Every structure is written in structure tokens, then in C-alpha cells.
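An overview of the molecular structure
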Amino acid sequence: MGYPEDALAPDENLLLHRHPHAKMLIVPVIVFLLATAVAGFLVGLAQTRLDGGASTFLVIAVLVLWAVLMGWRCLAPLIRWLTTHFIVTDRRVLVRQGVITHSGIDIPMGRISNVQFRHGLVDRLLRTGTLVVVSAADDPLEFDDIPDVQKVHTLLYRTAFDAQGESSTGRSVAPPSGEGERHRKAW
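Residues numbered from 1 in each chain as written. Predicted model: local features only at pLDDT ≥ 70, side-chain atom pairs only at ≥ 80, totals over all residues. Heavy atoms only, no water.

**A word on the sheet that holds strand β4 (residues 103-108)**
Spelled out, the test is: Think of it this way: DSSP has to see at least two bridges between two strands before they count as a pair. Put simply, DSSP H or I for four residues or longer makes a helix, DSSP E for two residues or longer makes a strand, and each gets a number counted from the N terminus. What counts as an axis is a line fitted to C-alpha atoms, over the stretch in contact for a helix, and the angles between N-to-C directions run from 0 to 180 degrees.
Strand order in the open sheet formed by four strands is β1-β2-β3-β4, and the pairing between neighbours is antiparallel. Strands at the two margins of the open sheet, each flanked by one partner only, are β1 (14-18) and β4. Going across the sheet, the axis of each strand differs from the next one's by a mean of 10°, ignoring polarity. Summarising the sheet, β1 and strand β2 (residues 85-89) pair through four bridges and their orientation is antiparallel. Across the sheet, the residue bridging to Arg18 is Phe86, located in β2.

Okay, here's the thing in C-alpha cells:
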């Protein structure tokens, strides 16, 4: 059983599992391409213009700087993206993030009082946005860069509304018509 299934209760159904939108990785990719091009140019320049120990020292210095920059500006954002999970089940919304310092938020469906989304022009073109979840007696929680934010909003609203209906009628609630299966296949 893989993540996030191992975080779920035995009779809890996974409806949606997403990482943040890949737009978070645009700057790291650009940094990688530019830094690699500059490092390659400097290594080539050092090898053609300098002799012996000076050339070796400069090549090693350039490669060390390149490696530090890659770890700081490329690898760290990639790991942050890979370890951030936005999960919707039939009972709650879970957000998990981090490797060394792991943090998480669980919002029971019955406590959600309002679900909103917003996205600007660029976010609309990329089909992403910010999801705002308001739960009873808590400040609104904002989740940025949610892929297909309108679909997630609709799924979350339907599931929260059904959970509130279940608590008032005492009946069991099924996941919204095929939404869970469709999202499981998409991710």
C-alpha cells in the first residue's frame, strides 16, 4: 500500500490525490538550463585559456558552484513539489508536506463551511489556482497551485455537502458519481 493509502482509515475512500501544479518547477528548470550553459562555457574557457593547476582549480570551482546552485535552486524545489500532497477522501481533506520536517493538515468534511477558488489569467491558462477552505471556527486555509482547481472545488463542495447531509440524516454517503474513479486514474 503506497502513500496516501497508508494514511487513510480502513473504510475511507480516496477521491483525489494531487501534487501542486508543475508551474512550481518552471523557475528551477530555467535555472538548471542557464546555470549548466554558463558552467559549461566557463569550464570550456578555463580548459582552453589556462594551463595545468589553474585550469584544474577553476574547473573544480565552477563545478562545485554549479552543484551547490543545483541543490539549492533545483533539487530542493523538486523535492518540495514531490513531497507535497493534496488529498481528498470521502471523510476529510488532507495536506501533507515535507521530508525532514513533515507537517500536515486534516479537515473533516463535516466541519467545512465554505469552499472557494480563485485564479488569474495565467492560472486559468495553466488550469491551476488557489483553493480556499473555510472550516467551522477556524481561519480560512489557502492551498496554492492546485491543478484543475475548479474541478477540485466542485468535488470538495459536493463531498462536504454530502457529509453534512449524512450527519443530519444519519445515512451513509457515496462518493459523487464517478468523481473518485476519474481522479484516481488522472493521478
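Continuing now.
**What about the pattern of salt bridges?**
To be explicit about the condition: In the sections that follow, a salt bridge refers to a side-chain nitrogen of Lys or Arg positioned within 4 Å of a carboxyl oxygen of Asp or Glu. Each residue is assigned to one of three classes by its accessible area relative to the maximum for its type, calculated with a 1.4 Å probe on protein chains only: buried under 20%, partly exposed between the two thresholds, exposed over 50%.
Evaluated as defined, the whole model comprises nine salt bridges. Between Lys23 and Asp145 there is a salt bridge whose closest N-O contact spans 3.2 Å. In this pair, Lys23 is assigned in the loop between β1 and α1 (26-49) and Asp145 in strand β7 (residues 141-147), connecting sequence segments 122 residues apart. Its relative accessible area of 17% is what places Asp145 among the buried residues. One network of salt bridges, with partners in common, ties together Glu12, Arg92, Arg96 and Asp106.

**Here we look at the nonpolar core**
Selection criterion: As used here, the term nonpolar core means buried Ala, Val, Leu, Ile, Met, Phe, Trp, Tyr and Cys residues forming a set that is joined through side-chain atoms within 4.5 Å. The contact definition used throughout considers only heavy atoms, calling two residues in contact when any of these lie within 4.5 Å.
One finds Phe86, Val88, Ile112, Leu131 and Leu156 to be the most contacted residues of the largest nonpolar core, which totals 19 residues. Mapped by element, the contributors of at least two residues to this core are β1, β2, β3 (92-97), β5 (112-118), β6 (128-135), β7 and α4 (149-169). With five residues, the single largest contributor to this core is α4. Those residues in contact with Phe86 that sit more than four places away from it in its chain are Leu16, His17, Arg18, Val93, Leu94, Val95, Leu131, Phe143, Ile146 and Val152. Counting residues in each nonpolar core, the second largest holds five residues, with Ala39, Ala46, Val59 and Val62 among its members.

**Remarks on the sheet that holds β5**
Pairing is antiparallel in the open sheet, where three strands are placed in the order β5-β6-β7. Edge positions in the sheet fall to β5 and β7, since each of these pairs with one other strand and no more. Along the sheet, successive strands turn relative to each other by an average axial angle of 25°, direction set aside. Where β6 lies against β7, five bridges are found, and the strand directions are antiparallel. Note that in β7 the partner of Val133 across the bridge is Leu141.

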